[in-house]
Amino acid sequence: MASAGRPFTPELVTALVARGVYVAPVTLHTGVSSPESHEPPYPERFRVPAATARLVNAVRSWGGRVIAVGTTVVRALESAAEIDGAVVPDAGWTSLVITPERGLRAVDGILTGWHEPQASHLELLRAVAGDELLQRAYGAALEHGYLWHEFGDSHLILP
């Protein structure tokens, strides 16, 4: 399981769905989350099924937001996204590195752990949040003693 999904108990998912939040599956084969010293993330296997692609596209067409649970989900959805942001069913390995320069096509926000200062996934978070919001969020996390990645706290980034 991707570490960002750890807070999602069956009760929490049920409560979210009852409030109108759609949940769509993505199959992930994760490994080491984030190399240190700004090394690019390792290739990861993924599968975005047709039903998930349809739901992502429908939500976007309704004006809703697509929120990925974890950096691996962002990489999977963005790997399955066409230039216009439409998501198509896809499976395989992704070596996609998401940076602010590359930007996002299909994902509007992310729920993720607090990545260490040298983690390569900070570039992906910069693409989601921008520098100012990310700096404010990490400043608040440090000030309030949030725990770092893997078994730490999570945060929702909605730019």
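Criteria and cut-off values
- Residues numbered from 1 in each chain as written.
- Predicted model: local features only at pLDDT ≥ 70, side-chain atom pairs only at ≥ 80, totals over all residues.
- Heavy atoms only, no water.
- Helix = DSSP H or I, 4+ residues; strand = E, 2+ residues; numbered from the N terminus.
- Rg over C-alpha atoms; globule rule 2.2 N^0.38 Å.
- Buried < 20%, exposed > 50% of the residue type's maximum accessible area, 1.4 Å probe, protein only.
- Contact = heavy atoms within 4.5 Å.
- Areas by Shrake-Rupley, 256 points an atom, 1.4 Å probe, with all protein chains shown as cover.
- Lys, Arg positive; Asp, Glu negative; His and termini not counted.
- Charge placed at Lys NZ, Arg CZ, Asp CG, Glu CD.
- Salt bridge = Lys/Arg side-chain N within 4 Å of Asp/Glu carboxyl O.
- Core = buried A, V, L, I, M, F, W, Y, C linked by side-chain atoms within 4.5 Å.
- pLDDT = per-residue confidence, 0-100.
- Phe/Tyr/Trp six-rings, centres within 6.5 Å; stacked < 30°, edge-to-face > 60°.

Trainee: Is there a simple way to think about the overall build of the protein in this case?
Mentor: Scanning the protein for helices and strands turns up 5 helices and 6 strands. Computed over the C-alpha atoms, the radius of gyration of the protein is 15 Å, within 12% of the 15 Å expected from 2.2 N^0.38 for a compact globule of 159 residues. With respect to the principal axes defined by its C-alpha atoms, the protein has extents near 40 × 35 × 30 Å. Going through the 159 residues of the protein one by one, you find that 38% of them count as buried. Put simply, of all contacts in the protein between residues at least 6 apart along the chain, 72% involve residues at least 24 apart. Looking at the protein as shown, the accessible area adds up to about 8600 Å², and 57% of this sits on carbon and sulfur atoms. Where the 12 positive side-chain charges of the protein centre and where its 17 negative ones centre are 8 Å apart.

Trainee: Just to check I follow, could you spell out the pattern of salt bridges for this structure?
Mentor: Applying the stated criterion across every chain yields a total of 6 salt bridges. As a salt-bridge pair, E44 and R75 come within 2.6 Å of each other at their nearest N and O atoms. Of this pair, E44 sits in strand 2 (residues 44-48) while R75 sits in helix 3 (residues 71-79), and the two are 31 residues apart along the sequence. Across the pair E78 and R102 runs a salt bridge, and its minimum N-O distance is 2.8 Å. Within this pair, whereas E78 is found in helix 3, its partner R102 is found in the loop between strand 4 (90-94) and strand 5 (109-113), the two being separated by 24 residues in sequence. Judged by its relative accessible area of 1%, E78 is buried. R102 sits in the partly exposed class, given a relative accessible area of 23%. Via salt bridges that share partners, E123, R126 and D131 belong to a single interconnected network.

Trainee: When you look at the environment of G92 in this model, what are you seeing that I'm missing?
Mentor: Mapped onto the elements, G92 comes out in strand 4. Between the C-alpha atom of G92 and that of A80, which follows or precedes it by 12 residues, the distance is 9.9 Å. Not counting residues up to four positions away in its chain, the partners in contact with G92 are E44, R45 and F46.

Trainee: Would you mind going over helix 4 (residues 121-129) with me for this structure?
Mentor: For the α-helix, the turn length of 3.6 residues means that residues three or four positions removed from each other point alike. Taken across its 9 residues, helix 4 has 7 buried, putting it largely inside the fold. Among the residues making up helix 4, those that are buried are H121, L122, L124, L125, A127, V128 and A129. On its buried face, helix 4 sits against helix 3, strand 5, helix 5 (131-143) and strand 6 (154-157). Where helix 4 ends, the next residue or the one after it, G130, has phi of about 85°, a positive value.

Trainee: It is not clear to me how the nonpolar core should be interpreted in this structure. Could you clarify?
Mentor: Buried together is how nonpolar side chains tend to be arranged in soluble globular proteins. Core analysis: the largest hydrophobic core is formed by 30 residues, its most contacted members being V48, L77, V87 and L125. Going through the elements one at a time, strand 2, helix 2 (50-61), helix 3, helix 4 and helix 5 are the ones with two or more residues in this core. Broken down by element, the residue count for this core peaks at 6 residues, all from helix 4. Discounting chain neighbours no more than four positions away, the residues touching L125 are I110, T112, H115, G130, L134, Y138 and I157.

Trainee: Help me understand the confidence of the model for the protein in this model?
Mentor: Keep in mind that low pLDDT regions are not for reading the predicted coordinates in detail. When pLDDT is averaged across the protein, the result is 90; 92% of the residues are at 70 or more. At the low end of the mean pLDDT range in the protein sits strand 1 (residues 27-29), at 83; at the high end sits helix 2, at 98.

Trainee: Would you mind going over the packing of aromatic side chains with me for this structure?
Mentor: The description of two aromatic rings rests on the distance between their centres and on the angle between their planes. In the structure shown here, the tally under the stated rule is 4 aromatic pairs. Taking the centre distance of 5.8 Å and the plane angle of 45° together, the rings of Y22 and W62 count as tilted. Of this pair, Y22 sits in the loop between helix 1 (10-18) and strand 1 while W62 sits in the loop between helix 2 and strand 3 (67-69); the two residues are 40 residues apart in sequence, bridging distant segments of the chain. Comparing Y22 with W62, the two get one shared label, exposed. Note on W114 and Y146: the rings are 5.6 Å apart at their centroids and 65° apart in plane angle, and the pair reads as edge-to-face. You can see W114 sitting in the loop between strand 5 and helix 4 and its partner Y146 sitting in the loop between helix 5 and strand 6, a full 32 residues away along the chain.

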